[in-house]
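A structural walkthrough
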Amino acid sequence: MSLSRRDLLKITIKAGAGAAVLSGIPGPLLAQLGAALPEPGQTIRDLAVKELALRAIEAARDAGANYVDVRLTHTRQRHVGTHDMRDVEELVVGVRSLVNGYWGFAASRLWTPDEMARLGRESVAQARALAIGPVREVDLAAAPAPVDEHWTMPVELDPLEDVSVDEVSDILDGIEYFVRVHPAFRLLPGSPSAHFVVQDKAFASSEGAYCTQRLYRTQGRVELELRTREASFARGLDTITPAGKGWEYFKRQPLREQIARLMEEMEAEAKLPVKPVEVGRYKVVCDARTIVNLAAPTLGVATQLDRALGYEANSGGTSYLNDPLNMLGSFEAGSSLLTLTANRSEPGGAATVQWDDEGVRPDDFTIVHEGVLQDFQTTRESAAWLADTYTKASRAVRSHGCAAAPTAVEVPITHTPNLRIAPGKEALDFDDLVAGLGEGLAVKDMKVDIDYQGLNGLGQGNVYEVKNGKRVARIMGAGFLFRAPQLWKGLVALGGEGSLRRFGVESSKGEPEQVTYHTVTAPPAVFEEFTVIDPKRKA
Amino acid sequence: MSEAARNNGTVDLPILSEAECRQILERAHAFARGGGETAVSIKSWWQGELRWARNRASLASDRRNIEVTVHRNPGGGGGAEVTTNQIDDAALESAVRAAEWITLRRARPNDPSFVPKVRAYSRPPSAPIWSDATIGLDTNARAEIVRRMIAPAEAAGLYSAGYLEVRAVATATYTTAYRDLLLGEYSSVEAPYIRWTQAQCSTTVRDTTGMGSGWAGLSSYDWERIGSQCDALAERAIQKCRASRNPVALEPGRYTVILEPQAVADLMEVFMASLYRERPESRMDRVGGPWRLAFDEATQMYVTKLGLKVVDERITIEHDPMDPRLGIIMSPLERPGPVTWIEKGVLKRLGHGINKAIDELDGVNGLHTLRRGTAYRMSGGETSLEEMIRTTRRGLLVTRFSNVKELDNKSLLVTGLTRDGLWLIENGEITKAVKNFRFTESPLFMLNNIEQLGEPVPVFRPTKKEDGELTPAIVPPIKARDFSFTSLADVV
C-alpha cells in the first residue's frame, strides 16, 4: 500500500530532474502513496489521496457522524527577497463531523490510513462531547456534490515549476538597482520581495462529493521612500497585491515603468506645499484603493452572516447589520449609486475557486443593489438560516460558497469572497473626479480602522487640498471619521469602467485566527460630506 | 520508538519530545552533502479548542502540527531556509537538498563572527510554564465547563458566546556547528528544547436585542488558575451585560476614568512594546519613540531618558521570572533574574537587540532586556474598585479597550474604543450605562495623572498563534484624571 522510501525518492528526483533545477524543491512530498508513481504536479489527483479521504469519512460514519467532510491540502510557498529566500511545504488534513447538530473537528499532518481513521473517530468524539448538551438544529442547505472532478486555476506560468529562482531574483535585483540609481529614493526593508503559494487540495464528504483543485496566489512588495529637502514619505507599488495568478503577474507587468511613474508622482507631490489639517466637513474624492479599504470592513466583513448573527461576538465582534432576516431587501446600506456584487469566479481573484471548502460551487451574487441590502455571505449551514427569507422572495436556498479554510488543519468558516463595486456610467477617472470637484479634498491610499461592529471608522491616508479642480497642497494629519451607512449614502459620483482597479486584501477572522485573501475591485468615487478631524487631537 | 510515536509525538503527548527533536537534527545532517553544518529549528504544537455562540457550542476541535526549518551552513547570515512539516526520511532528505540548493544561491558568505560563541547554553530559570492540568483538560471536561458557563446566561434570556483553548508547544533549535568547542562553549544559534502550555477562557454575553454586552476572560499557562474561575467569569460577563443595557450618549471630553485591570493592560501594550523597540545602540530602528533624546556621536549611541522620572512614582513595572504567575520562555542569551523597567516612576531599563546582548557578556550572558514586554507586573495600591467609585464625583468606569491603534510613537498616543461595559459614576455611585466612546489618549499621559491604584491581578493576555509564547501580565485597576474621549461610537 505504501511506497518505499526508494520509490519516493525516485519520484522526487524524477520530478526534480526538470523541476528541481528550476524550482529548487523536488516534486510534491507525500508520506505514503499508492503503488503507482504519480505524475509530478498531479499527485493530488491520485486515487490514493481519495482513498485516504474516504477512509476518514468511513471511520467518522462508523463512529456515528450524521455528516462528515474532509480536506487534505498540500501547500508550497516560496518567498524571495533580495538577500533571503524561504521555501515552505506543508501537508495537512482536517476532518469535520456533525453529530446531533454539533460540530467536531480534528486535524493533523499525517496522510496515512491509520491517521485518517484516528481523525475520523476524533472528530466524532469532539462533537459527541458537545452533543450531551441541549438540542441543536443544523440544516445544511442542499448542494450538488461534485463527483471525481478536478480544477486547476488557470495561470500562465506556475511560479514554482515554470520560472527559475534565478529569474525571480534577477527581476528583484533589477528593481533594487533601478531604485538605487535614483539617489533621492530608497527601498524600505523587506522590499522588493515576491511571494508565491501553490496549493493542491482534495475535498470529500459523506454525501459522495469528491473534488480536487490546484490554486495559486502570487503577491509582492515594492515600497519606496523619498527624502528631499521638502519632504519625506513612503509609497508602495499597488500593482502586485495578492492575486490568484502565477509568475505572469510579475513578468507581464511593466514593473520598471510602474516604479518610474510612482517615483515621478512622489517627486511631484514632494513639491506641493504642505498644510496642516483644518477640521470640518468636506466633499472628498477618493481613489480606488481608498474605496476598496472603505468597502472591505463596512460592506465585506459586515455582511458575513455568521458574524451578523453573533458567531464572532467574542472575537472580532458583530455587525451593524444586526437583524439580517428583516434587513434583506429593505435596509439602505448606501446611495442608489452603490451596487456591490460578490464572486469566487473572477479570473485572477485571490478568493477564486471552483468549489469552496464545503464542496459548494460558489455563485456570483449581489450584496447591495442600488443602495439596498440584498444578501449576505453564506455557507451551507448559514444559508439555511435565511431559508424563509429566500423562499418568500422566490430565491433558491443555497450557500453562496463562502466557506474557506486556509489550510486543512483549520476548520472552514465564512470568509469574504471577491467583491466588486459597480462603476459609474460616465468615463471618469480619479483626475476627472478631482477636476469635477472644484473645491474640497482628495485622498489616496486611505487605511481604515473600524470598530467591532464595522460601523464607525477612522481613515488616514495621503490627503490633498483641491482648488479649482487641481490638487494644490498636501494636507498633513487628517483623519476621516465616518459611520458606515451614512458614508455610503453620501456617495454621489463614481469613476467609470476604465477607472476600475483591483486589489488583493488580506483579512483575518476567528478563534483561533485564520488569514485569507480576497480581491476587491472598485472605481474612484466622491462622497458628499466627510467629517475631517485631527486624529491626534485629544478631547 | 513506534512509527506512530515517532510521527505523532510521543505515545503520551501530542507534541515532540526532546529526543525526537535531537533525532531530527541527526537525521537531517546525515543527509547533508558537500560539507558544512546543519541546523534545524523545530516547533511542535497541539490545541484543544471549544467555540460557542448564541448559547450553543459551535465547534470542538483537536488540532496539531509541526514545523521543521532546515538551514545548511547556518551562520552564513541571510535567510536561506526550507520549512517542512513532514519528518520521514524522504521528506527530510528533500528538505536538506533544497536547503543546500537555496543556500548556494541566496545566503551571504559564511561569517563565523556572525554567530559568536557564548559561555552558557541553558535557559535561565523561570517559574513553571508547563502544566499537566492544561494538557490534561480533555474534550469532555472542556465541554462540561462551557455548558456551565452558558447555562446562567441562557436562563437569564441572554446570549453567551466565548472561546476556551488549551495548548501545548515544544520548540528547539539545534546545530551541528561548534560541536568541537571547548567544554562550556556553545553556539548562540541554538536554543535548547523547551515546552510550555497555555490556557485561555473568555466569554462575551450579549443582550438578544444587541443593546448590551459584557465580557470577562483569563489566560495562564496553568488551567488550574482558570478552571475554578469560570463560573465567576460567566457571572461577571452576565452582570456587565445586564448593567450595560440601554446606554445613554454622553458628550465627548476629558473624564476621570476608573480603568479595570483589563483596560489598563489593553492601553499598556504599546508602552511595553516601546521599551524594547527603542534601543539606544541602534541607528537602524526607523521608529522613534518616547525614550530617546539625541544621538551622541562620541558614544555612537542615543542619549535616553534612562534615570529620569517618566511616570507617577507609585508605578513600578518589573518582571521576575521566578514569580509563579509570570513564567515565560527565557532565551539562553538572557541574563537570569528579575528586570525592572520602571522603578517608582523612574526609567531604569531599555531593551537591547541580540547583538548588544551578546556583546555585553561580562561573565554572564546578555542583558535581561531581551525579554522586552513579554511579561510584566505593574505595581498597584490598596484602593478597592468600590472605594475608587465611592470617591469619584464624576467619572467613567471602563471594562476594556478594543481595536487599539498607535497614532504617534513619540508620545505613545493611541486611539481605540471602549467595549463591553462603560458606566457613568456620579457622586460616588454608578448611575447610568454609557454609549461606547472612541478614545485618544497616551498610556504615558495616563500614568502621569494617576489618582488611585488598586490591587494588581492577572489579566487576559494570551498569544493567538498556535506556537505563540507565554505573555502573562499582572496589572492593577487605575483611576486617572483627564482621560480623553474624542467621539461617540454607538456600537455595542
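Relevant structure appears above.
Residues numbered from 1 in each chain as written. Chains lettered and ligands numbered in written order. Predicted model: local features only at pLDDT ≥ 70, side-chain atom pairs only at ≥ 80, totals over all residues. Heavy atoms only, no water.

1. Regarding the overall build of chain B
Counting its secondary structure elements, chain B contains 11 helices and 23 strands. Buried residues in chain B amount to 61% of all 492 residues. Within chain B, contacts between residues at least 6 apart in sequence are counted, and of these 74% link residues at least 24 apart. For chain B, the exposed surface amounts to about 18600 Å²; the carbon and sulfur share of it is 50%. (Helix = DSSP H or I, 4+ residues; strand = E, 2+ residues; numbered from the N terminus. Buried < 20%, exposed > 50% of the residue type's maximum accessible area, 1.4 Å probe, protein only. Contact = heavy atoms within 4.5 Å. Areas by Shrake-Rupley, 256 points an atom, 1.4 Å probe, with all protein chains shown as cover.)

2. Structural notes on the interface of chain B and chain A
Interfaces are often sized by the accessible area lost when the parts come together. Counting residues at the interface gives 85 residues for chain B, matched by 86 residues for chain A. Summed over both sides, the interface between chain B and chain A buries roughly 7000 Å², with carbon and sulfur atoms accounting for 50% of that surface. Where chain B meets chain A, there are 8 salt bridges. Residue glutamate 81 of chain B pairs with arginine 86 of chain A through a salt bridge whose shortest N-O separation is 2.8 Å. Counting across the interface, chain B meets chain A through 39 residue pairs in polar contact (both at pLDDT 80 or more). Among the elements that line the side of chain B that touches chain A, the one with the most residues is strand β2 (residues 56-72) of chain B, at 13 residues. Examined bridge by bridge, strand β3 (residues 102-108) of chain A and β2 of chain B share 4 bridges and lie parallel to one another. (Buried area = accessible area lost by both parts, 1.4 Å probe. Salt bridge = Lys/Arg side-chain N within 4 Å of Asp/Glu carboxyl O. Polar contact = N/O pair within 3.5 Å; in protein donor to acceptor, adjacent residues only side chain to side chain. Pairing = 2+ DSSP bridges.)

3. Observations regarding the packing of aromatic side chains
All names here are of chain B. Tallying each qualifying case throughout the model produces 19 aromatic pairs over all chains. Relative to phenylalanine 460, the ring of tryptophan 215 has its centre 5.5 Å away and its plane inclined at 80 degrees; by these criteria the two rings are edge-to-face. Taken together, the positions of tryptophan 215 in strand β8 (residues 213-220) and phenylalanine 460 in the loop between β21 (457-458) and β22 (473-475) put the pair 245 residues apart, joining distant regions of the chain. The pair tryptophan 215 / phenylalanine 460 is uniform in exposure class, with both members buried. Ring pairing ties together the aromatic residues Tyr255, Phe401, Phe437, Phe439, Phe483 and Phe485, which thus form one cluster. (Phe/Tyr/Trp six-rings, centres within 6.5 Å; stacked < 30°, edge-to-face > 60°.)

4. Some remarks on the packing of helix α5 (residues 139-155) of chain B against helix α7 (residues 230-243) of chain B
Geometry of a packed helix pair, given as the angle between the helix axes and the separation of the axes. Residue and element names in this part refer to chain B. Across the interface, α5 lies against α7 with an axial gap of 9 Å and an inter-helix angle of 25 degrees. One element, α5, and the other, α7, form an angle in the roughly parallel class. Here the hand of the crossing between α5 and α7 comes out right-handed. Between α5 and α7, the residues in contact are Ile145, Arg148, Met149, Pro152 and Ala153 and Cys230, Asp231, Leu233, Ala234 and Ile238, respectively. For the contact of α5 with α7, the residue count by class is 8 nonpolar, no polar and 2 charged. (Axes fitted to C-alpha atoms, helices over the stretch in contact; angles between N-to-C directions. Parallel < 35°, antiparallel > 145°, perpendicular 65-115°, else oblique. Left-handed = near helix turned anticlockwise from the far one by under 90°. Nonpolar A, V, L, I, M, F, W, Y, C, P; charged D, E, K, R; others polar.)

5. Side note on empty space enclosed by the protein
Enumeration over the complete set of coordinates arrives at 13 cavities of 30 Å³ or more. Looking at the largest cavity, its volume works out to about 450 Å³. As for the largest cavity, its lining consists of 29 residues, and the residues nearest its centre are Val411, Pro412 and Ile413 of chain A together with Arg51 and Ser58 of chain B. The set of elements that each furnish at least two residues to the lining of the largest cavity consists of β3, α10 (380-385) and β16 (413-414) of chain A together with β1 (38-53) and β2 of chain B. For the lining of the largest cavity, the class distribution of residues is 9 nonpolar, 7 polar and 13 charged. Counted as a void, the second largest cavity has a volume near 80 Å³. Taken together, Gln198, Ser219, Ser220, Tyr221, Arg325, Leu326, Gly327, Arg461, Pro462, Leu470, Thr471 and Pro472 of chain B make up the full set of residues lining the second largest cavity. Tallied by class, residues from the lining of the second largest cavity come to 5 nonpolar, 5 polar and 2 charged. (1 Å grid on protein atoms, 1.4 Å probe; cavity = no way out; pocket = protein on both sides within 12 Å on 5 of 7 lines; lining within 4 Å. Points joined across faces, edges and corners; volume = space filled by probe spheres on them.)

6. Comments concerning the pairing of strand β19 (residues 437-441) of chain B
Residue and element names in this part refer to chain B. Across the 5 residues that make up β19, a large majority, 5, are buried. Burial along β19 is two-sided: the residues Phe437, Phe439 and Glu441 and Arg438 and Thr440 are all buried. Here 3 bridges tie β19 to strand β23 (residues 478-488), and the two strands are oriented antiparallel to one another. The residue of β23 that forms the bridge with arginine 438 is serine 487.

7. Here's the deal with the sheet that holds strand β17 (residues 418-421) of chain A
All names here are of chain A. Taken in spatial order, the 6 strands line up as β14-β13-β12-β17-β24-β23 in an open sheet, and their pairing is mixed. Edge strands, defined here as strands with exactly one partner in the open sheet, are β14 (372-373) and β23 (501-509). Of the strands in this sheet, β12 (340-343), β17, β23 and β24 (514-522) touch helix α7 (residues 288-300), which is tilted by about 35 degrees from β23.

8. Side note on helix α12 (residues 430-437) of chain A
All names here are of chain A. Within α12, the full set of buried residues consists of Phe430, Leu433, Val434 and Leu437. Buried residues of α12, seen end-on, are gathered within an arc of 100 degrees and therefore sit on one face of the element. Buried residues belonging to α12 abut β11 (280-286), β18 (440-450), β19 (456-467), β20 (470-476), β22 (491-494) and β25 (525-533). N-capping of α12 is provided by aspartate 429, with a side-chain oxygen placed 3.1 Å from the backbone N of aspartate 431. A positive backbone phi angle near 80 degrees is found at glycine 438, which sits one or two residues after α12. (Arc of directions from axis to C-beta.)

9. Points about the side chain of histidine 74 of chain A
Residues and elements named next belong to chain A. Tracing the sequence through the fold places histidine 74 in strand β1 (residues 67-81). On the accessibility criterion, histidine 74 (3% relative accessible area) is buried. At 2.5 Å, the side chain of histidine 74 and the side chain of glutamate 89 are in polar contact.

10. Quick notes on a negative patch on the surface
Residue and element names in this part refer to chain A. A cluster of like negative charges, contributed by Asp238, Glu264, Glu265, Glu267, Asp429, Asp431 and Asp432, occupies part of the molecular surface. Within the residue set of the negative patch, elements represented by two or more residues are α6 (255-271) and α12. Tallying contributions element by element places α6 first for the negative patch, with 3 residues. Of the residues examined, glutamate 265 reaches a relative accessible area of 38% and is grouped as partly exposed. (Patch = residues over 30% accessible without salt bridge, like charges linked within 9 Å, V, L, I, M, F, W, Y side chains within 5 Å. Lys, Arg positive; Asp, Glu negative; His and termini not counted. Charge placed at Lys NZ, Arg CZ, Asp CG, Glu CD.)

11. Describing helix α2 (residues 47-62) of chain A
Residues and elements named next belong to chain A. Across its 16 residues, α2 extends 22 Å between first and last C-alpha, which sits within 8% of the 22 Å expected from 1.5 Å per residue. Along α2, the residues classified as buried are Ala48, Val49, Lys50, Leu52, Ala53, Ala56, Ile57, Ala59 and Ala60. If you follow the buried residues of α2, they end up packed against β1, β2 (85-99), α3 (113-131), β4 (147-152), β6 (193-205) and β7 (210-221). Capping of α2 at its N-terminal end is provided by aspartate 46; its side-chain oxygen lies 2.8 Å from the backbone amide nitrogen of alanine 48. (Expected span 1.5 Å × (residues − 1).)

12. As for the sheet that holds β22 of chain B
Spatial strand order, β14-β13-β12-β15-β22-β21 (chain B): 6 strands in an open sheet with mixed pairing. Each of the sheet's edge strands pairs with one partner strand only, and the pair in question is β14 (346-347) and β21 of chain B.

13. Here we look at the environment of glycine 101 of chain A
Residues and elements named next belong to chain A. Looking at where glycine 101 falls in the secondary structure, it is placed in the loop between β2 and β3. When the C-alpha atoms of glycine 101 and arginine 136 are compared, they prove to be 4.9 Å apart, with 35 residues separating the residues in sequence. The contact partners of glycine 101, leaving out residues within four places of it in the chain, are Arg136 and Val138.

14. Looking at the environment of glutamate 144 of chain B
All names here are of chain B. Assignment of secondary structure puts glutamate 144 in helix α5. Judged by relative accessible area, glutamate 144 falls into the partly exposed class, the value being 39%. Placed 152 residues apart in sequence, glutamate 144 and aspartate 296 show a C-alpha to C-alpha distance of 61 Å.

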